[in-house]
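Below, each chain spelled out in residue letters.
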Amino acid sequence: MIHAMQPWNTLSPAEQTLMRRGLWQSRLAGTVQQYGIDLRWAGAKGASPLRSYTLDEQRALVPQLAPVALGLVGRGLLTVRIRQGTVPSDPVLTGPELRDVLAEPANWLWSPNAAVTFGLDATESAREWWHASALPAAVGGGLPSWDELTREQQEVLVCAAEASGMLTGPFGIWEDLPTELAGVELSEWVDRQLAPLLPYVREGWIEVRHFPVEAGEAFTVIPLDDLRTAFADRSLRYDDGDDWGVGLGCVFTYRGLAVWRSGSSAAWGSRLTFD
């Protein structure tokens, strides 16, 4: 029985990552990677570099995160279950079985071919208390209304809000790089394509990433000053490839989500797709 719930901002970074994953009924696999992203976005000491964690880096962090997960379970805030389909299913893991699952690094690492996967789920009490505070509080005044944005700006924001979030490549929202351009003409073409994206990256609301392989979670963050070079690189764009999820994509940072959750977010919620 939970007698008192602490404010969200008093949770440790590891607790916040695990509880967000539980509130969204996410897989245990991938949690270490998200922990690194959360640390970086928060500007925390020891944050991950501008890339995804390697497998070895993830394995090294499991002994730190597993006891935190066990602690949240023990406090009645989080459950761990075998995952069937898209959400965790019964029964809830307990006792030695739970400890063994959390102690095994392979269960924390994302794999497209895992025979068994495990899911995190926030308890009803935790969901009721923290549902609204797991994401940054909405801040107003950052974005114009939807109708004041250009079509290109709208498309970038839709892309950042989607799970795939690809800008280039076979499933990207942007036009392929013309093959006949080079030099100044190429730079000018790329600058025009980047124009609706740059203000959001400059404000720290959107993060641009390069994904090098299909069906993988590896990525490298492209800093603002390197965007022109990256988007002019045909090998990074992967315009001529066929593999899903390879190329350059974008995501909202938590800071960007805070702006998105401002007064205009409700109107945007029904507009995040195009005909």
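Everything below is about the structure printed above this text.
Presented here is a report on the structure given in the accompanying data block.

Calculation notes
Residues numbered from 1 in each chain as written. Predicted model: local features only at pLDDT ≥ 70, side-chain atom pairs only at ≥ 80, totals over all residues. Heavy atoms only, no water. Helix = DSSP H or I, 4+ residues; strand = E, 2+ residues; numbered from the N terminus. Rg over C-alpha atoms; globule rule 2.2 N^0.38 Å. Buried < 20%, exposed > 50% of the residue type's maximum accessible area, 1.4 Å probe, protein only. Contact = heavy atoms within 4.5 Å. Areas by Shrake-Rupley, 256 points an atom, 1.4 Å probe, with all protein chains shown as cover. Lys, Arg positive; Asp, Glu negative; His and termini not counted. Charge placed at Lys NZ, Arg CZ, Asp CG, Glu CD. Pairing = 2+ DSSP bridges. Salt bridge = Lys/Arg side-chain N within 4 Å of Asp/Glu carboxyl O. Phe/Tyr/Trp six-rings, centres within 6.5 Å; stacked < 30°, edge-to-face > 60°. Lys NZ or Arg CZ within 6 Å of the ring centre and 35° of its normal. Axes fitted to C-alpha atoms, helices over the stretch in contact; angles between N-to-C directions.

What follows is about the overall build of the protein. A count of helical and extended segments in the protein gives twelve helices and six strands. Relative to the 2.2 N^0.38 estimate, which gives 19 Å for 275 residues, the radius of gyration of the protein is 20 Å and therefore close to what a compact globule would have. Counting only C-alpha atoms and orienting by the principal axes, one finds that the protein spans roughly 65 × 40 × 40 Å. Across the 275 residues of the protein, 45% fall into the buried class. Counting contacts in the protein only where the partners sit at least 6 residues apart, residues at least 24 apart contribute 73% of the total. Looking at the protein as shown, the accessible area adds up to about 14000 Å², and 53% of this sits on carbon and sulfur atoms. Of note, the protein has its 22 positive side-chain charges centred 7 Å away from the centre of its 34 negative side-chain charges.

With five of five residues buried, strand β3 (residues 118-122) is to be regarded as a mostly interior element. A two-sided burial pattern is seen for β3, the buried positions comprising Phe118, Leu120 and Ala122 on one face and Gly119 and Asp121 on the other. As paired strands, strand β1 (residues 78-84) and β3 are joined by five bridges and run antiparallel to one another. Along β3, the bridge assignment pairs isoleucine 82 with phenylalanine 118.

The backbone phi angle of glutamine 25 is positive, close to 50 degrees, even though this residue is not glycine. Assignment of secondary structure puts glutamine 25 in the loop between α1 (13-23) and α2 (31-41). Looking at glutamine 25, the relative accessible area reads 28%, which means it is partly exposed.

A word on the pattern of salt bridges. Evaluated as defined, the whole model comprises twelve salt bridges. Note that glutamate 15 and arginine 75 form a salt bridge whose closest N and O atoms lie 3.2 Å from each other. Here glutamate 15, found in helix α1, pairs with arginine 75, found in the loop between α3 (55-74) and β1; they are 60 residues apart in sequence, far enough to count as distant. With relative accessibility at 15%, the residue glutamate 15 sits in the buried group. Given the relative accessible area of 35%, arginine 75 is considered partly exposed. Aspartate 239 serves as the salt-bridge partner of arginine 237, at 2.8 Å between the closest nitrogen and oxygen. Each member of the pair, arginine 237 together with aspartate 239, is buried. When salt bridges with common partners are traced through the structure, they connect Arg81, Asp90, Asp121 and Arg127 into a single cluster.

Once that is clear, we can look at the packing of aromatic side chains. Scanning all chains against the criterion turns up five aromatic pairs. Summarising the aromatic geometry, the rings of tyrosine 200 and tryptophan 205 are spaced 6.3 Å apart at their centres and angled 25 degrees between planes, so their arrangement reads as stacked. A relative accessible area of 5% places tyrosine 200 in the buried class. Taking relative accessible area as the criterion, tryptophan 205 reaches 11% and is therefore assigned buried. Of note, arginine 209 hangs over the ring of phenylalanine 219, and the distance from its end group to the ring centre comes to 4.1 Å.

Our focus in this paragraph is the sheet that holds strand β5 (residues 220-221). Pairing is antiparallel in the open sheet, where three strands are placed in the order β5-β4-β6. The sheet is open, and its two borders are formed by β5 and β6 (247-252), each paired with just one other strand. Bridge count between strand β4 (residues 206-211) and β6: six bridges; the pairing is antiparallel. When the sheet's bridge partners are listed, histidine 210 is paired in β6 with leucine 248.

One open sheet holds the three strands; their spatial order is β2-β1-β3, and the pairing between them is antiparallel. A single partner strand is all that each edge strand has here, and the edge strands are β2 (87-92) and β3. For this sheet, the mean inter-axis angle between neighbouring strands, taken without regard to orientation, is 55 degrees. Summarising the sheet, β1 and β2 pair through three bridges and their orientation is antiparallel. Paired with arginine 81 across the bridge in β2 is valine 92.

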